[in-house]
Amino acid sequence: MPIATARAATDRPERYLKQLVSHLGHKVTAELAGDGRATLTFDDGTCVLTPAGDEIELIATAAAPDTLTRVQDVVTRHLERFGAQEELRVQWTAPVDGGDLSIIDPAVSAYVLTHCTPPGEILHELTVRTREATGRAAAMQISHDEGAFLSMLVKLTGARHAIEVGVFTGYSALCIARALPSDGRLLACDTSEEWTSIARPFWERAGVADRIDLKIGPATETLRALPAEPAFDIAFIDADKASYPTYYEEILQRLRPGGLIVLDNVFLAGRSLDPAYQEERHLAMRRLNDFIAADDRVDAVMLTVRDGVTLARKR
């Protein structure tokens, strides 16, 4: 359980964080951001400290409980020593597993779902059909609010040419396609004939089947077979997570300047935040999240929409 949070009450949070960064800078990687946040990167963990009014908020992460304890001890000892005169105390919560984090509260989720433009009959019936046909796998379908968000992004960007990696039963493809102009096109990539066959009748009923070009096969091969020139206005990536870095690179070079890549599930149900999770998909997503934030080819923002959505706009 390698994530722990803490608070430390103080009238001088900025002063102590500057002091901490200066003092530990020769031992660990210590950075002070313009907003006052301090990030301490140890060999075996990280601690982010944020000045928040009359207190310091701390988040410590590590790959294992014992290394987390070492990170906490170092930070606690130094902060409490610096703030000894005002009896500053760092109060840590019990460590938690990233997979147990509540990304979106059920009450918030219910409120959000009832305060979007209604999905309409076809999308509602597709949701029901997906649940009946795929059982527990139906959780792979995006929620109504995220579908409405996708449609909004297509319209806001004025997109005419779109690409999707990961179709499942076609809900997101339908949201994208019906937001395109009548002469717009969506290239939809998936590996499953079975699941995408559920989508086709609903695309037909919605009158957008002629806008969707479904390609069955490994998406990497489909993407690499495309001309290496800017042709797409918007892309949605929601497929196998270990391949996200490849999809991102292949699509970015084929995206026009000002075009948008939308990446779903960047939190991986909280596991992206927790370095104890070391499967290939966790490592790939963590690396990509860091990479996009520093990628000078795009302007990017990570949003707390559902399981995390990153928007990367090509410069």
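Per chain, residue numbering runs from 1 following the sequence as it is written. This being a predicted model, a pLDDT of at least 70 is required before a residue's local features are given, and a value of 80 or more before pairs of side-chain atoms are given or counted; all residues contribute to the totals for chains, interfaces and linings. Each side-chain value is worked out from all heavy atoms of the structure, with water and hydrogens disregarded.

The protein chain is annotated in an unreviewed UniProt entry as O-methyltransferase YrrM from Kitasatospora nipponensis.

## Details of the overall build of the protein chain
For clarity, the threshold we go by: Helix and strand definitions follow DSSP, with helices as H or I runs of at least four residues and strands as E runs of at least two, each counted in order from the N terminus. Relative accessible area decides the class of each residue, using a 1.4 Å probe on protein chains only: under 20% of the type maximum gives buried, over 50% gives exposed, and in between gives partly exposed. Note on definitions: a residue-residue contact is assigned when non-hydrogen atoms from the two residues lie within 4.5 Å. Method for areas: the Shrake-Rupley scheme with a 1.4 Å probe, in which residue coverage is limited to the protein chains shown. The charged-residue count follows a simple rule in which Lys and Arg add positive charge and Asp and Glu add negative charge, with His and chain termini not counted at all. Just so you know, the charge point we use is NZ for Lys, CZ for Arg, CG for Asp and CD for Glu.
In terms of regular secondary structure, the protein chain is built from 10 helices and 13 strands. Residues counted as buried form 48% of the 315 residues belonging to the protein chain. When contacts within the protein chain are restricted to residue pairs at least 6 apart in sequence, those whose partners lie at least 24 apart make up 69%. Looking at the protein chain as shown, the accessible area adds up to about 15,400 Å², and 52% of this sits on carbon and sulfur atoms. Placing the 34 positive and 46 negative side-chain charges of the protein chain at their respective mean positions leaves the two points 2 Å apart.

## Examining the domain arrangement of the protein chain
Condition: Residue ranges assigned to each domain were obtained from an automatic or database domain assignment. Buried area, as used here, totals the accessible surface that two parts lose on assembly, with accessibility defined by a 1.4 Å probe and the loss added over both. Between Lys or Arg on one side and Asp or Glu on the other, a salt bridge is scored when a side-chain nitrogen of the former is within 4 Å of a carboxyl oxygen of the latter. Pairs of N or O atoms within 3.5 Å make up the polar contacts considered here, provided that, within protein, one atom can donate a hydrogen while the other can accept it, and that residues adjacent in sequence are counted only when both atoms are side-chain atoms. Only Asp, Glu, Lys and Arg are considered charged, only Ala, Val, Leu, Ile, Met, Phe, Trp, Tyr, Cys and Pro nonpolar, and every remaining residue, Gly among them, polar.
As assigned here, the protein chain comprises domain 1 (2-99) and domain 2 (106-314). Look at where the C-alpha atoms of domain 1 and domain 2 centre, and you get two points 36 Å apart. Taken together, the 9 residues of domain 1 in the interface contact 8 residues of domain 2. Both faces considered, domain 1 and domain 2 share a buried interface measuring about 540 Å² in area, 54% of it formed by carbon and sulfur atoms. Of all residues in domain 1, Ala-63, Gly-98 and Gly-99 bury the most surface against domain 2, accounting for 51% of the area lost on that side. At the junction of domain 1 and domain 2, the tally comes to 0 salt bridges. Inspection of the region where domain 1 meets domain 2 yields 2 residue pairs in polar contact (both at pLDDT 80 or more). Broken down by class, the residue content of the side of domain 1 that touches domain 2 amounts to 5 nonpolar, 3 polar and 1 charged.

## A closer look at the packing of helix α4 (residues 121-134) against helix α7 (residues 193-206)
Quick note on the threshold: Helix axes are fitted only over the stretch in contact, all axes being lines through C-alpha atoms; the angle between N-to-C directions runs from 0 to 180 degrees. For classification purposes, angles smaller than 35 degrees are called roughly parallel, those larger than 145 roughly antiparallel, those between 65 and 115 roughly perpendicular, and all remaining angles oblique. Here a crossing is taken to be left-handed if its near helix is turned anticlockwise relative to the far helix by less than a right angle, and right-handed if that turn runs clockwise.
Contact geometry of α4 with α7 gives a least axis separation of 11 Å together with a crossing angle of 165°. The angle between α4 and α7 falls in the class roughly antiparallel. For the pair α4 and α7, the crossing hand works out as right-handed. Here Glu-121, Ile-122, Glu-125, Leu-126, Arg-129, Ala-133 and Thr-134 of α4 come into contact with α7, specifically with Trp-195, Ile-198, Phe-202, Arg-205 and Ala-206. Grouping the constituent residues of the contact of α4 with α7 by class yields 7 nonpolar, 1 polar and 4 charged.

## Quick look at the nonpolar core
As a reminder of what qualifies: Think of a nonpolar core as a cluster: buried Ala, Val, Leu, Ile, Met, Phe, Trp, Tyr and Cys residues, connected wherever their side-chain atoms sit within 4.5 Å.
Ranked by internal contacts, the top residues of the largest apolar core, which has 33 residues, are Leu-186, Trp-203 and Val-262. When near neighbours in sequence (up to four residues on either side) are disregarded, Trp-203 contacts Val-167, Gly-170, Ala-173, Leu-174, Val-208, Ala-209, Ile-212 and Leu-214.

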